[in-house]
Structures are given as structure tokens and as C-alpha cells.
Amino acid sequence: MQITLSGKTALVTGASRGIGRAIATRLAQAGANVGFTYKSSEDKALALQKELESFGVKALAMKADASSFSEAQAAVDATLSQLGGLHILVNNAGIARDGLLVRMSEAQWDEVIANNLKSAFNYAKAAARPMMQQRDGRIINITSVIGLMGNAGQANYAASKAGLIGFTKSLAKELASRNILVNAVAPGWIETDMTEGLNDELKKQMEALIPLKRSGKAEDVADAVLFLSSSLANYITGECLRVDGGMAM
């Protein structure tokens, strides 16, 4: 069965590369108009906009700091006015500032919480009202298995991603009566630009922790988002779907 999102409009945060780019691409391939944000990679963002438009949909690249409430509101407003609506919000933007707690600065903690957790609040709050008015919407938060498992040297990252799961469940209960479904996707060890630079030994150690004995691809995460965005997931809300090859089982 082919999934179609024709007539729908999506907004994906942090989509100029990696998992966000794969998500934006998959939604456009399914027929959705796609607005997406980026923070600094303008060349990559404009190239992605052109690629998405090649699928016969409207696309809009928007420079925005995910941690800024006003910039989130502006991105939602631009999506509504230029793409004709907003039916799917994917909170993907995030960063890592790793370090042991005893060496972690207050700035490293605050930056990760602001970009990974507050950003989801910013965009969900801005998107909730138009979704409530149309009595239809999907909000999908990209968390991480680290939010379920924890990881030494990533207390800030783990806290932000665990917070996203609690945020997802609470928002799902708040918005269910308006037919707005809120779910989370928790990627595990996924091949991205961030993991390419790691040495082979570390990669082998990570893959040894995965029952499937291999890393995932950004497209695996994008497929999960596509499913949750579609009519196939009409009775799913408040869920955290792991895409991790069994890593956090």
C-alpha cells in the first residue's frame, strides 16, 4: 500500500541535513508540501528546497533558530501563508554538547535543553492553534533511545530527549479531543554526518550493542515519521516508536 499525503502540508525543523533532510524528502515524495527550517547551511537548504520541488510539491526553506519562540512562530506563520496550511509538524532540530557532568558548563546544559526540548515547545505551541481550528493535525517529536537508556557523558542530551517523551505524552492527552495526534520517534545508532567522523572501532562497539548488528539509516527514521503522518496511524497517539534495531529493548 502506497502512502499518500497529497493535500497535506508539513513543517520539519532542522532539515538541511541528516535525519531531518531524509524526513522532509520522504514527506515530499508522498505528496506533502514541505516547509523546513535550517540554522546555518543556507546552500544545503536551498538545494533541498529545489529537490523537494522536483517531486511536484511546494517547498519553503526558512532560516530559524529553533530555540527562539518568536522565530518558531514566524516559521509557522510563513508555512501557513505560503504553503496553504499546516497538518504535520516534525520537531527534529537538535544538538549535542557532550561531556561528563563534572566538566559540563552551565552553557552546555542550557544550549542543549533550549535547542532540543524548548524548541519542541516553541513549535508545538505555535502550531497547536491552527491545528485545533481545523480539528486535524500530527505532531511528531524526534527523541532518541538515549532518552530511554541514558548515556555517560550525555546527561544534558539524555535529559532533553527524555523530556521530549514526557512532553509528547502530555500533549497527546491535551490535544486528542481536537483530533491532533502526538507521537515521538526514538532513533538509535543512525548513520549521519555526525557519525561519519567516528573511528571504526567505536562504530563496531556501538553495533555490537544492537541485536540486528548494524546501524540504521536516516531513511529508516523517515519511514517511521511517514507512517505516523499517514492515515495508517489514525488510532495512535502518545506513543514513542523506537527505530533502533532493538538497541533499547
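This write-up is about the structure you can find in this document.

About the criteria used
- Residues numbered from 1 in each chain as written.
- Predicted model: local features only at pLDDT ≥ 70, side-chain atom pairs only at ≥ 80, totals over all residues.
- Heavy atoms only, no water.
- Helix = DSSP H or I, 4+ residues; strand = E, 2+ residues; numbered from the N terminus.
- Rg over C-alpha atoms; globule rule 2.2 N^0.38 Å.
- Buried < 20%, exposed > 50% of the residue type's maximum accessible area, 1.4 Å probe, protein only.
- Contact = heavy atoms within 4.5 Å.

**Some remarks on the overall build of the protein**
- Within the protein, the regular secondary structure consists of nine helices and nine strands.
- Radius of gyration (C-alpha) of the protein: 17 Å, near the 18 Å computed for a compact globule of 249 residues.
- Along the longest, intermediate and shortest principal axes, the C-alpha atoms of the protein span 45 × 40 × 35 Å.
- Counting the 249 residues in the protein, one finds 49% classified as buried.
- Considering only contacts in the protein between residues 6 or more positions apart, those separated by 24 or more positions represent 75%.

**Some details on the environment of Phe 69**
- With respect to the secondary-structure elements, Phe 69 resides in helix 3 (residues 69-83).
- In sequence terms Phe 69 and Ala 120 are 51 residues apart; their C-alpha atoms lie 9.8 Å from each other.
- Those residues within four positions of Phe 69 in sequence are excluded, and the remaining contacts are Lys 118, Phe 121, Asn 122 and Lys 125.

**Brief notes about unusual backbone geometry**
- Although it is not a glycine, Asn 179 adopts a positive phi angle of roughly 60°.
- Here Asn 179 falls in the partly exposed class, since its relative accessible area comes to 42%.
- With phi around 60°, Lys 213 is a residue other than glycine that occupies positive phi space.
- One can find Lys 213 in the loop between helix 8 (200-208) and strand 8 (216-217).
- Residue class for Lys 213 comes out exposed when judged on its relative accessible area of 54%.

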